[in-house]
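Below, each chain spelled out in residue letters.
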2 protein chains.
Amino acid sequence: MSPTTYTRIVLRERPTGAATPFHFRVERAPLDLHPQAGEVLVKTLYLSLDPHARRWLNPEPGHFAPIQVGDVVRSFGLGVVVEAGAGSSLKVGDLVDGLVGWTEYGVHDAKALQKVDIPQGCDPVDLLGPLGTTGLTAYFGLFDVAHLKAGETLVVSGAAGATGNVVCQLAKRAGARVVAIAGGPEKCAWLERELGVDKAIDYKSASFRADFAAVAPKLDVYFDNVGGEILDLALTQLNRGARVILCGATSEYNSKPKGITNYFQLVMARATMKGFLIFDYESRYAEGRADLVKVIHEGKLKSQFHVVEGIENTPEAFQLLFSGGNTGKLVVKVIDL
Amino acid sequence: MSPTTYTRIVLRERPTGAATPFHFRVERAPLDLHPQAGEVLVKTLYLSLDPHARRWLNPEPGHFAPIQVGDVVRSFGLGVVVEAGAGSSLKVGDLVDGLVGWTEYGVHDAKALQKVDIPQGCDPVDLLGPLGTTGLTAYFGLFDVAHLKAGETLVVSGAAGATGNVVCQLAKRAGARVVAIAGGPEKCAWLERELGVDKAIDYKSASFRADFAAVAPKLDVYFDNVGGEILDLALTQLNRGARVILCGATSEYNSKPKGITNYFQLVMARATMKGFLIFDYESRYAEGRADLVKVIHEGKLKSQFHVVEGIENTPEAFQLLFSGGNTGKLVVKVIDL
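Please read these numbers as outputs of a predicted model, since none were measured by experiment.

K.L.:
Would you take a moment to explain the sheet that holds strand S9 (residues 177-182) of chain A for this structure?
P.N.:
The strands that make up a sheet pair up through hydrogen bonds in the backbone, lying either parallel or antiparallel. One open sheet holds the 12 strands; their spatial order is S10(A)-S9(A)-S8(A)-S11(A)-S12(A)-S13(A)-S13(B)-S12(B)-S11(B)-S8(B)-S9(B)-S10(B), and the pairing between them is mixed. Where the open sheet ends on each side, the last strands, each with one partner, are strand S10 (199-202) of chain A together with strand S10 (199-202) of chain B. Here the strands of the sheet are splayed against their neighbours by 15° on average, with no regard to which way each runs. In the sheet, strand S8 (residues 153-156) of chain B pairs with strand S9 (residues 177-182) of chain B via four bridges, with the strands oriented parallel. Each residue of the ladder has a partner; that of Val155 of chain B, found in S9 of chain B, is Val179 of chain B.

K.L.:
Where do I start with the relation of the copies chain B and chain A in this structure?
P.N.:
Note: a rotation about an axis with an accompanying shift along it relates these two copies of the chain. Its rotation angle being 180°, the transformation that places chain B on chain A also includes 0.0 Å of axial translation and leaves an RMSD of 0.1 Å. Such a combination of turn and shift is consistent with a two-fold rotation axis. The residues that chain B uses at the interface reappear at the interface of chain A in 100% of cases, marking a shared surface.

K.L.:
Sorry if this is basic, but what is going on with the side chain of Arg270 of chain B here?
P.N.:
Structurally, the position occupied by Arg270 of chain B is in the loop between helix H6 (265-268) and strand S13 (272-275). For Arg270 of chain B, a relative accessible area of 15% corresponds to the buried category. Among the polar contacts made by the side chain of Arg270 of chain B, one reaches the side chain of Asp280 of chain A at a distance of 2.5 Å. Residues within four places of Arg270 of chain B in sequence aside, it is in contact with His63, Gly275, Phe276, Leu277 and Asp280 of chain A together with Arg240, Gly241 and Ala242 of chain B.

K.L.:
Which parts of the structure should I look at to understand the pairing of strand S5 (residues 95-98) of chain A?
P.N.:
One face of the sheet, then the other: side chains in a regular strand alternate in exactly this way. Residue and element names in this part refer to chain A. Because side chains alternate across S5, one face comprises the buried residues Leu95 and Asp97, and the other comprises Val96 and Gly98, equally buried. As defined by bridge partners, strand S4 (residues 77-84) adjoins S5 across four bridges and the pair is classed as antiparallel. Among the inter-strand pairings, Gly77 is bridged to a residue of S5, identified as Gly98. Here S5 runs beside strand S7 (residues 114-115); their pairing, made up of two bridges, is antiparallel. Bridge pairing in S7 links Asp97 to Gln114.

K.L.:
Can you walk me through the interface of chain B and chain A in this structure?
P.N.:
Between chain B and chain A, the contact holds 32 residues from the first and 32 residues from the second. Counting the surface lost from both chain B and chain A, the interface buries some 2,600 Å², and carbon and sulfur atoms represent 62% of this. Its largest share of buried area at the contact with chain A, chain B owes to Tyr263, Phe264 and Arg270 of chain B, together 25% of the area lost on that side. Applying the counting criterion to the chain B and chain A interface returns 12 residue pairs in polar contact (both at pLDDT 80 or more). Elements that contribute at least two residues to the side of chain B that touches chain A include exactly helix H5 (228-234), strand S12 (238-246), H6 and S13 of chain B. Looking at the side of chain B that touches chain A residue by residue, the classes come out as 16 nonpolar, nine polar and seven charged.

K.L.:
Explain the UniProt feature "domain: Enoyl reductase (ER)" (unreviewed entry) in chain A here, please?
P.N.:
Following the UniProt record, the feature "domain: Enoyl reductase (ER)" (unreviewed entry) maps to residues 17-332 of chain A here. End-to-end, the C-alpha atoms of residues 17-332 of chain A are 23 Å apart, and along that stretch the chain is 24% helix and 25% strand.

K.L.:
Help me understand the domain arrangement of chain A in this model?
P.N.:
Many structure descriptions define interface size as the accessible area lost when the parts assemble. Residue and element names in this part refer to chain A. Structurally, chain A comprises domain 1 (5-128 + 304-333) and domain 2 (133-279). On a C-alpha basis, the centres of domain 1 and domain 2 stand 28 Å from each other. Contact residues are listed per partner, giving 21 residues for domain 1 and 15 residues for domain 2. It is His63, Gln304 and Thr327 that lose the most area in domain 1 upon contact with domain 2, and together they represent 30% of the buried surface on that side. At the junction of domain 1 and domain 2, the tally comes to zero salt bridges. Our count for the contact surface shared by domain 1 and domain 2 stands at four residue pairs in polar contact (both at pLDDT 80 or more). Grouping the amino acids of the side of domain 1 that touches domain 2 by side-chain chemistry returns seven nonpolar, 10 polar and four charged.

K.L.:
Please explain the state of the cysteines as it appears in this structure.
P.N.:
One covalent bond between the sulfur atoms of two cysteine residues makes up a disulfide. In total, this model carries zero disulfides over all chains according to the counting rule given. Here Cys247 of chain A stays unpaired: no disulfide links it, and the sulfur of Cys168 of chain A, its closest cysteine neighbor, is 13 Å away.

K.L.:
Please clarify how the environment of Gly141 of chain A should be interpreted in this entry.
P.N.:
All names here are of chain A. By the element assignment, Gly141 lies in helix H1 (residues 133-145). Along the backbone, Gly141 and Gln319 are 178 residues apart, and their C-alpha atoms lie at a distance of 25 Å. Those residues in contact with Gly141 that lie beyond four places of it in its chain are Leu136, Ala146, Phe223, Ile245 and Phe276.

K.L.:
I'm lost on the pattern of salt bridges in this one. Help?
P.N.:
Any two side chains of opposite charge can pair if their charged atoms end up close together. For the structure on display, the rule yields 36 salt bridges over all chains. The salt bridge involving Asp50 of chain B is made with Lys329 of chain B; its shortest N-O contact spans 2.5 Å. Remark: Lys329 of chain B occurs in strand S15 (residues 329-333) and Asp50 of chain B occurs in the loop between strand S3 (39-48) and strand S4 (77-84); sequence separation between them is 279 residues. Comparing Asp50 of chain B with Lys329 of chain B shows no difference in burial state: the two are buried. Between Asp198 of chain B and Lys172 of chain B there is a salt bridge, with the nearest N and O atoms lying 3.0 Å from each other. Of this pair, Asp198 of chain B sits in the loop between helix H3 (185-193) and S10 while Lys172 of chain B sits in helix H2 (residues 162-173); the two residues are 26 residues apart in sequence, bridging distant segments of the chain. By relative accessible area, which is 28% here, Lys172 of chain B ends up partly exposed. Salt bridges here are not isolated pairs; linked through shared partners, they connect Lys91, Asp94, Lys115 and Asp117 of chain A.

K.L.:
Any chance you could explain the packing of aromatic side chains here in plain terms?
P.N.:
Each pair of aromatic rings is reported with the distance of its centres and the angle of its planes. Residues and elements named next belong to chain B. Here the structure, examined in full by the defined rule, presents 28 aromatic pairs over all chains. Centroid distance Phe64 to Phe279: 5.6 Å. Interplanar angle 85°. Geometry classified as edge-to-face. Of this pair, Phe64 sits in the loop between S3 and S4 while Phe279 sits in the loop between S13 and helix H7 (285-298), placing them 215 residues apart in sequence. A residue is classified by how much of its surface remains accessible, and Phe64, at 21% relative accessible area, is partly exposed. On the basis of relative accessible area, Phe279 is assigned to the buried category, the value being 18%. With a centroid separation of 5.9 Å and an interplanar angle of 20°, the aromatic rings of Phe76 and Phe279 are classed as stacked.

K.L.:
What is the right way to look at the packing of H1 of chain A against helix H2 (residues 162-173) of chain A in this model?
P.N.:
A pair of packed helices is captured by two measures, namely the crossing angle of their axes and the spacing between those axes. Residue and element names in this part refer to chain A. Here H1 crosses H2 at 50°, and the two axes come no closer than 8 Å. One finds that H1 runs oblique with respect to H2. You can see that H1 and H2 cross each other, and the crossing is right-handed. Between H1 and H2, the contacting residues are Thr134, Gly135, Thr137, Ala138, Tyr139, Leu142 and Phe143 on the first element and Ala162, Thr163, Val166, Val167, Leu170 and Ala171 on the second. Along the lines of polarity and charge, the residues of the contact of H1 with H2 split into nine nonpolar, four polar and no charged.

K.L.:
Explanation requested: the nonpolar core in the structure shown.
P.N.:
Across soluble globular proteins, you tend to see nonpolar side chains buried next to one another. Among the nonpolar cores identified, the biggest contains 238 residues, and Leu191 and Phe212 of chain A together with Leu191 and Phe212 of chain B are the most heavily contacted of them. Beyond its immediate sequence surroundings of up to four residues, Leu191 of chain A is in contact with Ala159, Ala160, Cys168, Ala180, Ala182, Gly196, Val197 and Ala200 of chain A.

K.L.:
I tried to follow the packing of H1 of chain A against helix H7 (residues 285-298) of chain A on my own but got confused; where do I start?
P.N.:
All names here are of chain A. Remark: H1 packs on H7, axes separated minimally by 10 Å, with the N-to-C direction vectors making an angle of 90°. By the criterion of interaxial angle, the relationship of H1 to H7 is roughly perpendicular. Counted together, Thr133, Gly135, Leu136, Tyr139 and Phe140 of H1 and Tyr285, Gly288, Arg289, Asp291 and Leu292 of H7 form the full contact between these two elements. Its residues assigned to classes, the contact of H1 with H7 comprises five nonpolar, three polar and two charged.

Cut-offs and rules
All chains use their own residue numbering, which begins from 1 and follows the written sequence. Both sets of labels track the order of writing: A upward for chains, 1 upward for ligands. The predicted origin of the model limits local features to residues at a pLDDT of at least 70 and limits the giving and counting of side-chain atom pairs to 80 or more, whereas totals for whole chains, interfaces and linings rest on all residues. In computing side-chain properties, one takes all heavy atoms of the structure into account and sets aside hydrogens as well as water. Strands are treated as partners if at least two bridges between them are detected by DSSP. Helix and strand assignments follow DSSP, with helices taken as H or I runs no shorter than four residues and strands as E runs no shorter than two, numbered in order from the N terminus. Where helices are involved, their axes are fitted lines through C-alpha atoms of the stretch in contact, as for all axes, and angles between N-to-C directions lie from 0 to 180°. All copies are superposed by least squares; the fitting set is the C-alpha atoms of residues with a pLDDT of at least 70 in both. Contacts are assigned to residue pairs that have any heavy atoms within 4.5 Å of one another. Three labels apply to residues, based on accessible area from a 1.4 Å probe with only protein chains included: buried if under 20% of the type maximum, exposed if over 50%, partly exposed otherwise in between. In protein, a polar contact requires one atom able to donate a hydrogen and another able to accept it; more generally it is a pair of N or O atoms within 3.5 Å, and residues adjacent in sequence count only if both atoms are side-chain atoms. Accessible surface is computed with a 1.4 Å probe, and the buried area is the amount of it that two parts give up when combined, taken over both parts together. Under the convention adopted here, Pro, Cys and the residues Ala, Val, Leu, Ile, Met, Phe, Trp and Tyr are nonpolar, Asp, Glu, Lys and Arg are charged, and Gly plus all remaining residues are polar. UniProt positions are given in the numbering used here, feature names are shortened, and annotations may be inferred rather than shown by experiment. Source of the domain bounds: an automatic or database domain assignment. By convention in these notes, a salt bridge is any Lys or Arg side-chain nitrogen within 4 Å of a carboxyl oxygen on Asp or Glu. Whenever a pair of cysteine sulfur atoms sits within 2.5 Å, that pair is classed as a disulfide. In this analysis, rings of Phe, Tyr and Trp, with Trp reduced to its six-membered ring, are considered paired at centre separations within 6.5 Å, and the interplanar angle assigns stacked below 30 degrees, edge-to-face beyond 60, and tilted for intermediate values. For classification, angles of less than 35 degrees are called roughly parallel, those exceeding 145 degrees roughly antiparallel, those between 65 and 115 degrees roughly perpendicular, and all remaining angles oblique. Left-handed describes a crossing whose near helix is turned anticlockwise from the far helix by less than a right angle; the clockwise case is right-handed. Residue types Ala, Val, Leu, Ile, Met, Phe, Trp, Tyr and Cys, when buried and joined through side-chain atoms within 4.5 Å, form a set referred to as a nonpolar core.

As structure tokens, then:
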């Protein structure tokens, strides 16, 4: 029997600092949504929780327009088409990837969603992790932006996070020496034992600066998910011709950025700091996914998820991204397939 | 008649902030310098005063070792060989370019100096300006590092300075739209009238932020000689795929760097921030100089010098680099050829 109501979460108030459950409102609404021509009704299976989504809550436009107060919170996720409007490019039962939002059900322009298939030996949720923008970010960031080569020293911050853990695994497989920065001895142990990084260092440790200098005094690639102070420190440890890849800046999203003071080290090291957005690689997602599926089949890319159950827990789960509460990709399981 | 004494200037005390005449000592010494085998005695004609030399006064090593207290101050310059040791690769009368130092006379390993010729239609001092590392920095920075293309908008800070004025002229000739940032209405007028930049904006003006945003809301290349706050502002005005070329950071050399907070704009703009050092291009200096001579002969690259007379005035002149006191390349004329 179909449900008659559904849950959705809207922005109640813009956060100025960290986004907490206070800033969102969980609403229950009648399920009388019907797609028009070209539209589809999507039932959400999983929500992808991503640090960069914090920026969408700010009033300043970025890659996407700001989310407005009262709107369903924008979010990537995985869903299934349950009703299709006339002439829609998608049909009932199609698995789709896209901006489903923090809602159990939503009507979308079919063209704004991507129909996806579950590769053999993979789980649907893998499409939000190693085979989603998270994995693709690691893949294109490492090989297309950073041009990582075997034998180079790669340092990655936020190494136990969604993108970080894939970076670690792909970089190891590419023959790099991998130094992983993460918070706390448990994550570090996990990175060394489970993901096989050469060395994991704990940024919460009192000896972090000394540890970092000892382990990677001259790094070739710095894959940055965190920004701020650790990035600033990394800038003092660049090998000649180093590439600093700006992927995320989780330490900076919740407040006015503290910034970096050592940028002139880019001159001394003849180094490059480069920003990229995965959305620019959309035409190459299929190519990247095909490669990543191969690596999964080789057993060299393990899926790492932190799953929270129930859409109503999304606002609270979102905070884990900034407290270092998740190991692997953070998702919310909304409804079973 | 040969002089029996000569003047040299040594580091008296390391500056922690701005370097002032207090930090140097002008000495008079007997002229009993004689080159050994492979060495030459060089009479200094011109000293090149460069902002990056401020960093050599710090205790931390950079591209060069720190200058030690009591040492003659390291400096690029132009000299003439007045005595040659046995087997020296240079001979008396050779014009040489290199680290002559703040001294009227000095003994050097002949191999550490570069013999130079004065191209037709040029003045010896041009070898420290448009044909020296200054001009070569602009040349390789624009075309080899930034890959400036016709029709792009280039913004250059420190535009009236040594490198900046050459950047303006070469970028105009390459068909770019050139926006020059300089201090004060006189420099701005000079940049527009004499160098033909499309627009010069005064960073000392109260309306600077608004002026910058109006004139170059989306820039393709930012050629940075200054660093700090203006760089940070430029980062908010990047066109997609912009290149931020770090050449100098005069605003940051005299103190603990203030840094930049908007580096994450490199991600939003898929932009690159790149540092380079002209010394890496040594094997291509001849190629660059040959091109620059052509541009001089075309009349599209005017030499711009600020000449201070007398070596004893060097410490005071050095301050002009940081107060915005010079227009064009700052040199000290030491002894007539």
